[in-house]
Amino acid sequence: MTVASPRARTVGFDLDMTLIDSRPGIHACWTELSARTGTYVDADLVVTRLGPPLAEEMAHWFPAEEITAMADLYREIYPAYAVTGTLAMPGAHEALEAVRRSGGKTIVVTAKWEPNARLHMEHLGMRPDAVIGNLWAAQKAEALREHGASVYVGDHVGDVRGARLAEAFSVGVTTGPCSAAELTEAGADVVLDDLTRFGEWFADYEG
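Here the structure is a predicted model, which is why all the values come from computation and not from measurement.

### What about the overall build of the chain?
Right, so step 1: Looking only at helices and strands, the chain features ten helices and eight strands.
Right, so step 2: With the C-alpha coordinates aligned to their principal axes, the bounding extent of the chain is approximately 55 × 35 × 30 Å.
Right, so step 3: For the chain, the residues scored as buried account for 50% of the 207 residues in total.
Right, so step 4: Here the chain has roughly 9,500 Å² of accessible surface; of this, 50% comes from carbon and sulfur atoms.
Right, so step 5: Separation of charge centres in the chain, based on 17 positive and 30 negative side chains, amounts to 6 Å.

### Section: the confidence of the model for the chain
Right, so step 1: The predicted model of the chain averages 95 in pLDDT, with 96% of residues at 70 or higher.
Right, so step 2: Contacts of residues 1–7 to residues separated by more than four positions or lying in other chains number six contacts, the stretch itself having pLDDT below 50.

### Overview of the packing of aromatic side chains
Right, so step 1: This structure, assessed with the given rule, holds ten aromatic pairs.
Right, so step 2: Note on Phe169 and Tyr205: the rings are 4.9 Å apart at their centroids and 50 degrees apart in plane angle, and the pair reads as tilted. Here Tyr205 lies in helix H10 (residues 198–206) and Phe169 lies in strand S7 (residues 169–173), a separation of 36 residues in the sequence.
Right, so step 3: Here the aromatic residues Phe13, Phe169, Phe198, Trp201, Phe202 and Tyr205 are joined through ring pairs into a cluster of three or more.

### A few points about helix H5 (residues 92–101)
Structural remark: α-helix, 3.6 residues per turn; residues separated by three or four positions point the same way.
Right, so step 1: Regarding H5, the residues found buried are Ala92, Ala95, Leu96, Ala98 and Val99. Axial view of H5: buried residues confined to an arc of 155 degrees, hence all on one face. Exposed side of H5, more than 90 degrees from the buried face: Glu94 and Arg101 are the residues found there.

### Remarks on the pattern of salt bridges
Right, so step 1: Considering all chains together, one arrives at ten salt bridges under this definition.
Right, so step 2: Between Asp159 and Lys140 there is a salt bridge whose closest N-O contact spans 2.7 Å. Pair noted here: Asp159 is in helix H8 (residues 157–165) and Lys140 is in helix H7 (residues 140–146), with a separation of 19 residues, a long-range link. As far as burial versus exposure is concerned, Asp159 and Lys140 are alike and both buried.
Right, so step 3: The closest approach of N and O atoms between Arg164 and Asp189, which form a salt bridge, is 3.1 Å.

### Examining the sheet that holds strand S4 (residues 105–109)
Right, so step 1: Pairing in this open sheet of six strands is parallel, and the strands run S5-S4-S1-S6-S7-S8 from one edge to the other. In the strand order of this sheet, the two ends are held by strand S5 (130–132) and strand S8 (190–192), each with one partner. Between one strand axis and the next, the sheet turns by 25 degrees as a mean value, whatever way the strands run.
Right, so step 2: As defined by bridge partners, strand S6 (residues 149–154) adjoins S7 across four bridges and the pair is classed as parallel. Among the inter-strand pairings, Gly154 is bridged to a residue of S7, identified as Gly172.
Right, so step 3: Of the strands in this sheet, S4 and S5 touch helix H6 (residues 114–124), which is tilted by about 140 degrees from S5.

### Here's the deal with the packing of helix H1 (residues 23–37) against helix H4 (residues 67–82)
Right, so step 1: Packing of H1 against H4 leaves a shortest axis separation of 9 Å and a crossing angle of 130 degrees. In terms of orientation, H1 lies oblique with respect to H4. For the pair H1 and H4, the crossing hand works out as right-handed. Two secondary-structure elements touch here, H1 through Gly25, Ile26, Ala28, Cys29, Trp30, Glu32, Leu33, Arg36 and Thr37 and H4 through Met70, Leu73, Tyr74, Ile77, Tyr78, Tyr81 and Ala82.
Right, so step 2: Residues that form the contact of H1 with H4 fall into these classes: twelve nonpolar, two polar and two charged.

### Notes on the nonpolar core
Nonpolar side chains in soluble globular proteins tend to be buried together.
Right, so step 1: Of all hydrophobic cores here, the largest spans 48 residues; its most connected members are Phe13, Leu19, Trp30 and Phe198.
Right, so step 2: When residues in this core are grouped by element, the largest group, eight residues, is from H4.
Right, so step 3: With 13 residues, the next largest nonpolar core counts Ile132, Leu135, Ala141 and Ala166 among its residues.

About the cut-offs
- Residues numbered from 1 in each chain as written.
- Predicted model: local features only at pLDDT ≥ 70, side-chain atom pairs only at ≥ 80, totals over all residues.
- Heavy atoms only, no water.
- Helix = DSSP H or I, 4+ residues; strand = E, 2+ residues; numbered from the N terminus.
- Buried < 20%, exposed > 50% of the residue type's maximum accessible area, 1.4 Å probe, protein only.
- Areas by Shrake-Rupley, 256 points an atom, 1.4 Å probe, with all protein chains shown as cover.
- Lys, Arg positive; Asp, Glu negative; His and termini not counted.
- Charge placed at Lys NZ, Arg CZ, Asp CG, Glu CD.
- pLDDT = per-residue confidence, 0-100.
- Contact = heavy atoms within 4.5 Å.
- Phe/Tyr/Trp six-rings, centres within 6.5 Å; stacked < 30°, edge-to-face > 60°.
- Arc of directions from axis to C-beta.
- Salt bridge = Lys/Arg side-chain N within 4 Å of Asp/Glu carboxyl O.
- Pairing = 2+ DSSP bridges.
- Axes fitted to C-alpha atoms, helices over the stretch in contact; angles between N-to-C directions.
- Parallel < 35°, antiparallel > 145°, perpendicular 65-115°, else oblique.
- Left-handed = near helix turned anticlockwise from the far one by under 90°.
- Nonpolar A, V, L, I, M, F, W, Y, C, P; charged D, E, K, R; others polar.
- Core = buried A, V, L, I, M, F, W, Y, C linked by side-chain atoms within 4.5 Å.

Following this line, the structure appears as structure tokens:
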């Protein structure tokens, strides 16, 4: 059993387009939602801007008075359409393991509805120490502070904002909708192409 050293860290990770490539599953879920409601949704466009809360995306396709009901329906059908089609991002398993090998803890902090986030972790065999959902951008700082996270990894400028507010080291990855320049401008301390380089970076960071 790994014994945490006094220097062991808690590292937080975003979910969509950081740990998991949820585009195929989310595309399928939005396509089904469109079919059930008779409302046109450009699912190809939806999956290019993953990250913000579901309600923000819903507002592009449904009137304000329908958003809550449509979000509930989306979350209801999500397990059947979105979970099995989702893939682990390259290096995701290895990134979590790198933290565990150091004696640290891993947490997932995501805007996704928490029960569905947990389904993704179970399906892909990822076992973070905690999964906290329903938090976006600055809200993520709450969970990062509560769990004592000193590093937060994400693909969106909203993730950088959350890390900065929590006074955590912000690691950006360019696997989502935001470029390296955008992540850097938002305040990321370091930007990686993807998680395949995380283990090497983390070993140097741990010193």
